[in-house]
Amino acid sequence: MTTVTFTARNYASEHANKIHSDETARRYGFGGALVPGVAVYSYMIEPVVSALGEAWLLRGAVSVKFLKPVYDGSEVTVRSELTGPSTMHLELYDPGQVLCAVGEASVPSAAASILLADYPLQNLPEPEARRQPLASAAPVGDVFGSLQGVLDLEKVGAAFGPTVRKPALLLALANDLVAGNVALGPWIHTESSLTHFGLLNDGEPFSLRGRVADH
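Everything numeric in this text was worked out from a predicted model, so none of it was measured. Within every chain, residues take consecutive numbers counted from 1 along the sequence as written. For a predicted model such as this one, the threshold for reporting local features is a pLDDT of at least 70, and the threshold for listing and counting side-chain atom pairs is 80 or more; totals across whole chains, interfaces and linings nevertheless cover every residue. To obtain the side-chain values, all non-hydrogen atoms of the structure were included, while hydrogens and water were left out.

## Quick word on the overall build of the protein chain
Per the secondary structure count, the protein chain includes four helices and eight strands. Runs of H or I in DSSP of at least four residues are treated as helices and runs of E of at least two as strands, each being numbered from the N terminus. Counting helices and strands in the order they occur from the N terminus, the protein chain gives β-α-α-β-β-β-β-β-α-α-β-β. Computed over its C-alpha atoms, the radius of gyration of the protein chain comes to 17 Å, within 12% of the 17 Å expected for a compact globule of 215 residues. Buried, partly exposed and exposed residues are distinguished by accessible area as a fraction of the type maximum, computed with a 1.4 Å probe on protein chains only: under 20%, between the cut-offs, and over 50%, respectively. The burial tally for the protein chain puts 40% of its 215 residues in the buried class. The criterion used for residue contact is that any of the two residues' heavy atoms lie within 4.5 Å. Residue pairs at least 24 apart in sequence account for 72% of intrachain contacts in the protein chain once pairs closer than 6 positions are excluded. A radius of gyration in this sense is built from C-alpha atoms; the matching globule rule multiplies 2.2 Å by the number of residues raised to 0.38.

## Looking at the pattern of salt bridges
For salt bridges, the criterion is a side-chain nitrogen of Lys or Arg within 4 Å of an Asp or Glu carboxyl oxygen. Considering all chains together, one arrives at one salt bridge under this definition. A salt bridge links Arg 131 to Asp 142; its shortest N-O distance comes to 2.8 Å. With a gap of 11 residues between them, Arg 131 in the loop between strand S5 (99–106) and strand S6 (147–150) and Asp 142 in the loop between S5 and S6 connect regions that are remote in the sequence. Owing to a relative accessible area of 18%, Arg 131 belongs among the buried residues under this scheme.

## Considerations on the environment of Ala 112
Mapped onto the elements, Ala 112 comes out in the loop between S5 and S6. Those residues in contact with Ala 112 that sit more than four places away from it in its chain are Thr 195 and Phe 197.

## Brief notes about the side chain of Thr 77
With respect to the helices and strands, Thr 77 occurs in strand S3 (residues 75–84). Discounting residues that sit within four places of it in the chain, Thr 77 has contacts with Thr 3, Val 4, Thr 5, Glu 91, Leu 92 and Tyr 93.

## Brief notes about the sheet that holds S5
Note on pairing: DSSP must find at least two bridges between two strands before they are called paired. Pairing in this open sheet of six strands is antiparallel, and the strands run S1-S3-S4-S5-S2-S7 from one edge to the other. Of all the strands in the sheet, the pair left with one neighbour each is strand S1 (2–7) and strand S7 (191–195). The average undirected angle you get between the axes of adjacent strands in this sheet is 15 degrees. In this structure, strand S4 (residues 87–93) lies alongside S5, joined through seven bridges in antiparallel fashion. When the bridges of S5 are listed, Met 88 appears paired with Ala 105. Here an angle of 0 to 180 degrees is reported between the N-to-C directions of two axes, which are lines fitted to C-alpha atoms, with helices fitted over the stretch in contact.

## What to know about the nonpolar core
Core analysis: the largest hydrophobic core is formed by 32 residues, its most contacted members being Tyr 41, Trp 56 and Leu 92. Secondary structure elements with two or more residues in this core: helix H2 (37–59), strand S2 (61–66), S3, S4, S5 and helix H4 (168–181). By residue number, the principal contributor to this core is H2, which donates 12 residues. Not counting residues up to four positions away in its chain, the partners in contact with Leu 92 are Val 40, Tyr 43, Met 44, Val 70, Val 76, Thr 77, Val 78, Val 98, Leu 99, Cys 100 and Ala 101. We define the nonpolar core as a collection of buried residues of types Ala, Val, Leu, Ile, Met, Phe, Trp, Tyr and Cys that are connected through side-chain atoms lying within 4.5 Å of one another. Leu 151, Leu 177, Phe 206 and Leu 208 belong to the second-largest nonpolar core, a separate cluster that totals 12 residues.

## Concerning H2
One less than the residue count of a helix, multiplied by 1.5 Å, gives the span that helix is expected to have. Its 23 residues place the ends of H2 only 22 Å apart at the C-alpha level, less than the 33 Å of an ideal helix rising 1.5 Å per residue. Approximately 115 degrees is the largest bend angle found in H2, and it occurs at Leu 52. What is called the bend at a residue is the angle between a pair of axes, fitted to the seven residues leading up to and ending at it and to the seven starting from it.

Set out below in structure tokens:
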């Protein structure tokens with residue numbers, strides 16, 4: 001087992017999701033603003049990138065569950081263990097050794113596939129026309145409006161800080177896609193599963209698309 005330590009940072013104190021503000025988080029019973037799940041995810045994949053390398057970045061998979069809150073300025077420890085030639089188990093602990101997140105990462109023997117036709121480009125709705133956060137407002141198979149842009153790593157670094165690795169940007173963008181389609185109040189990131197299909201490089205244009213897979 002290997003360990004790596006990070007100082008957790010709440011890069012989202014001004015974000016529209018007010019669970020990342022002290023006032024709102026304390027109103028819901030937390031000790032203060034929550035460090036975003038994207039940041040926690042970024043800390044967890046540091047040993048994955050080191051151990052599984054480019055193969056994981058190109059076609060790897062990972063699932064993470066966020067169990068307990070992580071607060072700004074706390075020293076968090078990621079423990080990782082290779083459970084096979086291309087599989088890893090991950091755990092993240094706060095300074096009190098409370099288990100805050102767990103994960104599993106792997107490089108599958110065969111690359112996953114996806115049908116681009118299942119994810120057509122759609123215009124984002126106007127803010128006032130976003131879906132309500134109800135299953136009935138987003139039936140399975142419903143296509144989300146899309147985000148488009150150009151990857152600017154300098155801008156990413158300014159937004160997320162130096163300890164958030166580029167692969168975590170994909171998860172941050174996925175959150176932005178949901179928020180652009182669903183009228184969310186304060187919300188908590190509890191779980192994510194990701195599969196890579198390639199690298200997104202600085203200066204490349206991208207489109208982020210989505211559809212409702214399940215409830």
